[in-house]
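Take a look at the letters that make up each chain.
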Amino acid sequence: MIHDKYNKEVTGAEALILALLDAGAKDVFGYPGGAIMPIYDALYDYSDKLKHYLVRHEQGAIHAAQGYSRVSDKVGVVFATSGPGATNLITGIADAQIDSNPVVCITGQVASHLIGTDAFQETDVIGISMPVTKWNIQVTKAEDIAPAIAKAFYIATSGRPGPVLVDITKDAQFGKTIYNYKKCEGIRSYIPYPKVNIESVKQAADLINKAKKPFILCGHGVLLSESQKQLLELAEKGNIPVASTLLGLSAFPAQHPLYVGFLGMHGNYGPNILTNECDVLIAIGMRFDDRVTGKVSTYATQAKIIHFDIDPAEINKIIHADVAVIGDAKESLDLLLPLIESTNGKERKEWLKRFEECHQIEFEKVIKTAVNPTTPSIKMSEVIDKFHKLSEGKAIVATDVGQHQMITTRYYQFHDTNTNVTSGGLGTMGFGLPAAIGAKISRPDKQVVVVVGDGGFQMTIQELGTIMDYNIPVKILLLNNNFLGMVRQWQQLFFEKRYSFTELKNPDFVAIAKAYGINGKKITERKDLNGALKEMLDSKESYLLEVLVETEENVFPMIATGASVSEIILE
């Protein structure tokens, strides 16, 4: 705490640094440039208080900030310059918006008298980012910087979290102001935590108590609201099976007998088909994404739908709710739990047995040969299964996007909450490596492993330089099938194996890693897998393990686009 900073004249750039410190920021990911240079100059004197990580591309900065926020209660902070620096953030901002990640982006802007003149490195970042931010603002006066930062942190973290952007003109950075900081605790007309309607809660309890075949779908909102304990109590009190969305993974213990698996296009067989057999569907902190629902007109038409969500915009957007409980999930569940009749684990046995039967079908047709294959080539699924066992499910696992992502979410059983870091709604290739960097900086006490494919890895491979620069001990598990695997799978199944521009000619990844000072190994034979995984996990430094996997391995089960969840295919 800098006790003499208040009522002191400072530049706008220094006011920004002081405001970030007052807001609780400790780390920032960024890349300097002309329009943000005054801020970097001010940062020079505060580098012992606000640690800056120089990434190798602005997309790396925003994804690192996402990973940083996903595994803790911290806010990811990003610096970028105007023009291309700011536009390079947009993909990650859009990813953060759809996945509800609290990040604060600070962009430099040309001097205010040049705005609108097509000045060098000028872009309308406010206009460009407006559709993909929770809030954005352009600041043209030094005295407005600290209030804007206070407001930015409040909006980013309150209610349904999301990304915000503060664009600061160069003259505002150079300008003088008397520094004062006041924490933002409310904004007129902005209601981040809607008051929970107790009548809706009672209606929900009545439906659950009368249900013969209730089914809970938990999403990312459970983690964001920190309502994992309440979810567990609800499931156990009512003896209700629980399935998770992609971003909801780790919200409910994977080893718990009431946990029945992963929902969605490549999710588990039982949770998908039994969605269309339950009589009450209890959705908590999830938004009925198309990857979960499949064909909407046939989705859970037999069931009464109860939807718990903090965002009123999600209610009835995709699936009509018979009962909507709008508000923070933790508060809502706290009100619900006393109204739920305890079954003492005795009721709904036949319903739970249906999930066991479905799991057995999936095990025989998919899982058994996936984790213990007899084929000569190594399968991605067996790699992840062994990785899970060796790490005991306790690692923070970041994934990129593609087949390896779906395989990881299927075969890695998360032991701890907030340990699944992946790009859900946007499906951004290149997300994994920088997100893992941010996660490791946020949680240095945890083992952090990024699982990547050969395609996505090369989209942000330059961030190996960030790992080298700051000695960040991230482990990289590269599953290399020399294809853009997920697109190839679709081309095989739906486009008559016309593999149009999906085969990759790849470089020597281990040599590239070594050029960045990162030790690594490539394995091609099954007999070397266990030892290589153990060597990677035991390394005290960053490490790249490349595993050459089966070229045309497919991810099953699978629900084709436009198909019903009941039409899930196993092979």
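How each quantity is defined
Residues numbered from 1 in each chain as written. Predicted model: local features only at pLDDT ≥ 70, side-chain atom pairs only at ≥ 80, totals over all residues. Heavy atoms only, no water. Helix = DSSP H or I, 4+ residues; strand = E, 2+ residues; numbered from the N terminus. Contact = heavy atoms within 4.5 Å. Salt bridge = Lys/Arg side-chain N within 4 Å of Asp/Glu carboxyl O. Buried < 20%, exposed > 50% of the residue type's maximum accessible area, 1.4 Å probe, protein only. Domains from an automatic or database assignment. Buried area = accessible area lost by both parts, 1.4 Å probe. Polar contact = N/O pair within 3.5 Å; in protein donor to acceptor, adjacent residues only side chain to side chain. Nonpolar A, V, L, I, M, F, W, Y, C, P; charged D, E, K, R; others polar. Lys, Arg positive; Asp, Glu negative; His and termini not counted.

## Describing the environment of L339
Tracing the chain through its elements places L339 in the loop between α14 (329-336) and α15 (349-371). Sequence separation of L339 and K394 is 55 residues, and the distance between their C-alpha atoms is 34 Å. Once you skip the residues sitting within four places of it in the chain, L339 turns out to touch V201, K202, A205 and N209.

## Considerations on the pattern of salt bridges
Enumeration according to the criterion identifies 26 salt bridges in this entry. Across the pair R354 and E277 runs a salt bridge, and its minimum N-O distance is 2.8 Å. Taken together, the residues R354 in helix α15 and E277 in the loop between α12 (269-273) and β12 (280-284) connect sequence positions 77 residues apart. Its salt-bridge partner being D538, residue K534 comes within 2.9 Å of it at the nearest N-O pair. Pair noted here: K534 and D538 are both in helix α23 (residues 529-538), with a separation of four residues, about one helical turn. The class for D538 is partly exposed, based on a relative accessible area of 46%.

## Observations regarding the domain arrangement of the protein
According to the domain assignment, the protein contains domain 1 (9-178), domain 2 (198-355) and domain 3 (372-548). Taking the mean C-alpha position of each, domain 2 and domain 3 sit 31 Å from one another. Listed as interface residues are 14 residues of domain 2 and, on the opposing side, 19 residues of domain 3. Both faces combined, the contact of domain 2 with domain 3 buries some 1,400 Å², and carbon together with sulfur accounts for 59% of it. Looking only at domain 2, the three residues that lose the most surface to domain 3 are L246, S250 and H266, adding up to 40% of its buried area. Summed over the shared surface of domain 2 and domain 3, the result is zero salt bridges. Counting the contacts that link domain 2 with domain 3 gives five residue pairs in polar contact (both at pLDDT 80 or more). Residues belonging to the side of domain 2 that touches domain 3 are distributed by class as follows: seven nonpolar, six polar and one charged.

## Comments concerning the side chain of K475
Along the chain, K475 falls in strand β18 (residues 475-480). Lacking a salt bridge, the buried K475 has D538 as its closest oppositely charged neighbour, with an N-O distance of 7.3 Å. Within polar-contact distance, the side chain of K475 engages the side chain of Q447 at 2.8 Å. Polar contacts involving the side chain of K475 include one to the main-chain carbonyl oxygen of M536, which spans 3.3 Å. Discounting chain neighbours no more than four positions away, the residues touching K475 are Q447, V448, V449, V450, M536, L537, S539, E541 and Y543.

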